[in-house]
Amino acid sequence: MNLSESLAPTKIVSNPFVIGNPIINPRQFFGREYILKRIFDVWRTTPLQHIAIIGQKRSGKTSLLHYLSRIIDTPAQNLRPNQRNDWIIPCYQWVYIDFQDPRMAYQESLLRYILSKIGLPIPQPCDLVAFTEIIDQYLDIPTIILLDEIKAGFNCPDLDDHFWWGMRSLGCGGKLGFLLTAHQPPQEIVQDDGKPSPFFNIFGHVLNLEPFTEEEALDFISSIPQIFDKKEIQWIIDNSRKWPSLLQIICHSRFTALEEGKKDHSWKIEALQRIKPYRDLL
Ligand SMILES: Nc1ncnc2c1ncn2[C@@H]1O[C@H](COP(=O)(O)OP(=O)(O)O)[C@@H](O)[C@H]1O
Ligand SMILES: [Mg+2]
């Protein structure tokens with residue numbers, strides 16, 4: 001074997017399932033027609049309004065946010081044949097913020113990150129006042145800020161009341177639209193003083209993230225290269241309760257058993273074992 005052969009990357013066998021990680025590539029995102037319509041209907045008009053998405057752990061919140069931030073600018077050739085990318089006209093900017101990322105725990109690095117994502121000048125120092133001035137002066141493209149796991153943001157000491165009042169004021173300007181995710185409705189997320197943050201008052205649209213519909217679950221299952229038989233499909237739908245995360249896990253077990261030529265039902269035992277940690281969804 002020569003050196004270039006030994007350094008050649010190993011052939012990656014394509015695996016249709018995404019387990020553990022959120023869905024980043026819109027092509028691998030399924031379903032959610034109803035909530036997507038509700039979200040994009042809100043953003044079809046300006047001034048931009050604000051949306052809260054409520055969903056339990058592993059219900060698909062982060063995947064939804066990545067999809068929102070990418071789908072409009074993803075060309076049709078990078079999507080599945082029946083996937084649409086024309087929800088709204090492509091004139092928006094998107095900034096995804098993950099409050100589990102330690103850089104997002106500090107005002108300066110968070111505000112700097114937002115400006116760098118939307119290509120605006122970054123003032124020195126990049127504090128709330130300077131940030132607000134830059135947005136006021138230069139922002140002329142409707143911009144959606146996606147705030148994933150807002151509760152973690154509220155727990156950051158550097159993101160204080162003053163900061164959230166500032167965000168609220170920016171949200172009232174109409175050029176910035178916020179979408180947050182949380183495990184419970186915003187008015188139930190209280191601060192140390194037992195009161196909800198004033199930032200939450202601007203979130204007039206509150207939507208729950210539900211399981212897939214039967215049709216969406218079937219669409220997901222039938223996208224798999226090996227077609228399962230009717231009874232198995234029903235078993236998968238019943239045991240996943242149509243949650244995408246559980247569909248991914250169960251289908252993976254079924255798919256692996258097929259690839260390994262196993263003829264028994266051991267894949268069902270394995271699948272049930274693997275979805276056990278997520279029984280909160282069931
Ligand atoms: N729309 C979707 N289509 C396909 N799989 C999805 C979808 N949404 C979520 N999933 C699956 O569910 C898992 C959990 O999703 P994630 O977005 O990380 O949930 P959350 O952020 O609510 O914890 C992902 O690893 C992925 O397997
Ligand atoms: Mg998440």
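About the criteria used
- Residues numbered from 1 in each chain as written.
- Chains lettered and ligands numbered in written order.
- Predicted model: local features only at pLDDT ≥ 70, side-chain atom pairs only at ≥ 80, totals over all residues.
- Helix = DSSP H or I, 4+ residues; strand = E, 2+ residues; numbered from the N terminus.
- Buried ≥ 20, exposed ≤ 12 C-beta atoms within 10 Å, placed from the backbone.
- Contact = placed C-beta atoms within 7 Å.
- Near = placed C-beta within 6 Å.
- Nonpolar A, V, L, I, M, F, W, Y, C, P; charged D, E, K, R; others polar.
- Domains from an automatic or database assignment.
- Pairing = 2+ DSSP bridges.
- Axes fitted to C-alpha atoms, helices over the stretch in contact; angles between N-to-C directions.
- Core = buried A, V, L, I, M, F, W, Y, C linked by C-beta atoms within 7 Å.
- Parallel < 35°, antiparallel > 145°, perpendicular 65-115°, else oblique.
- Left-handed = near helix turned anticlockwise from the far one by under 90°.

A separate point is the overall build of the protein chain. The helix and strand inventory of the protein chain stands at eleven helices and five strands. Seen through its principal axes, the protein chain has C-alpha atoms that stretch 65 × 55 × 35 Å. Classification of the 282 residues of the protein chain by burial places 28% in the buried group. Here the analysis covers contacts within the protein chain between residues at least 6 apart in sequence; of these, 72% occur between residues at least 24 apart.

Right, let's talk about the site of ligand 1 for a bit. The environment of ligand 1 is formed by 21 residues, the closest being Gly60, Thr62, Ser63, Pro244 and Ser245. Elements supplying a minimum of two residues to the shell around ligand 1: helix H3 (61-71) and helix H10 (244-259). By residue class, the composition of the shell around ligand 1 is seven nonpolar, ten polar and four charged. There are two domains that each give the shell around ligand 1 at least three residues, and those are domain 1 (26-208) and domain 2 (214-281).

Looking at where Pro157 falls in the secondary structure, it is placed in the loop between helix H6 (150-154) and helix H7 (161-172). Of the residues examined, Pro157 has 7 C-beta atoms within 10 Å and is grouped as exposed. Spatially, the C-alpha atoms of Pro157 and Tyr106 are 8.3 Å apart, while their sequence positions differ by 51 residues.

This part takes up the environment of Thr46. Among the secondary structure elements, Thr46 is positioned in the loop between helix H2 (33-43) and strand E1 (51-54). It is 6.6 Å that separates the C-alpha atoms of Thr46 and Gly174, two residues lying 128 residues apart in sequence. The residues touching Thr46, leaving out its near neighbours within four places in the chain, are Pro142 and Gly174.

Domain boundaries in the protein chain define domain 1 (26-208) and domain 2 (214-281). A separation of 33 Å is found between the C-alpha centroids of domain 1 and domain 2. If you look at the interface, domain 1 gives seven residues, while domain 2 gives nine residues. Residue classes in the side of domain 1 that touches domain 2 are distributed as one nonpolar, four polar and two charged.

The five strands are arranged E2-E3-E4-E1-E5 in an open sheet whose pairing can be described as parallel. Bordering the open sheet on either side are strand E2 (93-98) and strand E5 (205-208), each of which pairs with just one other strand. The mean inter-strand angle of the sheet, taken between neighbouring strand axes irrespective of direction, is 15°. The pairing of strand E3 (residues 143-148) with strand E4 (residues 176-182) spans five bridges and is parallel. Paired with Ile145 across the strands is Phe178, a residue of E4. The sheet strands contacting H3 are E1, E2, E3 and E4, and the helix crosses E3 at an angle near 165°.

On to the nonpolar core. One broad rule of soluble globular proteins: the nonpolar side chains tend to lie buried together. Counting residues in each nonpolar core, the largest one holds 51 residues, and the members touching the most others are Ile145, Leu146, Leu147, Leu179, Leu180, Leu247 and Ile250. Shared between two domains, this core holds at least three residues of each, these being domain 1 (26-208) and domain 2 (214-281). Contacts of Ile145, omitting those with residues within four sequence positions, involve Val95, Ile97, Ile114, Leu176 and Phe178.

Moving on, we come to the environment of Leu64. Counting through the fold element by element, Leu64 comes out in helix H3. Judged by the 25 C-beta atoms lying within 10 Å of it, Leu64 is buried. Residues Leu64 and Gln28, 36 residues apart in the sequence, show an inter-C-alpha distance of 11 Å. Setting aside residues no more than four positions away along its own chain, Leu64 makes contact with Arg32, Ile53 and Leu209.

Bringing the pairing of E4 into the picture now. By the criterion of burial, E4 is predominantly enclosed, with seven of the seven residues buried. Taking every second residue as pointing to the same face, both faces of E4 are buried, with Leu176, Phe178, Leu180 and Ala182 on one and Gly177, Leu179 and Thr181 on the other. When E1 meets E4, the two strands line up parallel, connected through four bridges. Bridging from a neighbouring strand, Ile53 pairs with Thr181 of E4.

Let us now look at the packing of helix H4 (residues 107-117) against helix H5 (residues 128-138). Remark: H4 packs on H5, axes separated minimally by 10 Å, with the N-to-C direction vectors making an angle of 15°. The orientation of H4 relative to H5 falls into the category roughly parallel. Here the hand of the crossing between H4 and H5 comes out left-handed. Residue-level contacts link Gln107, Leu111 and Leu115 of H4 to Leu128, Phe131 and Ile134 of H5. Split by residue class, the contact of H4 with H5 holds five nonpolar, one polar and no charged.

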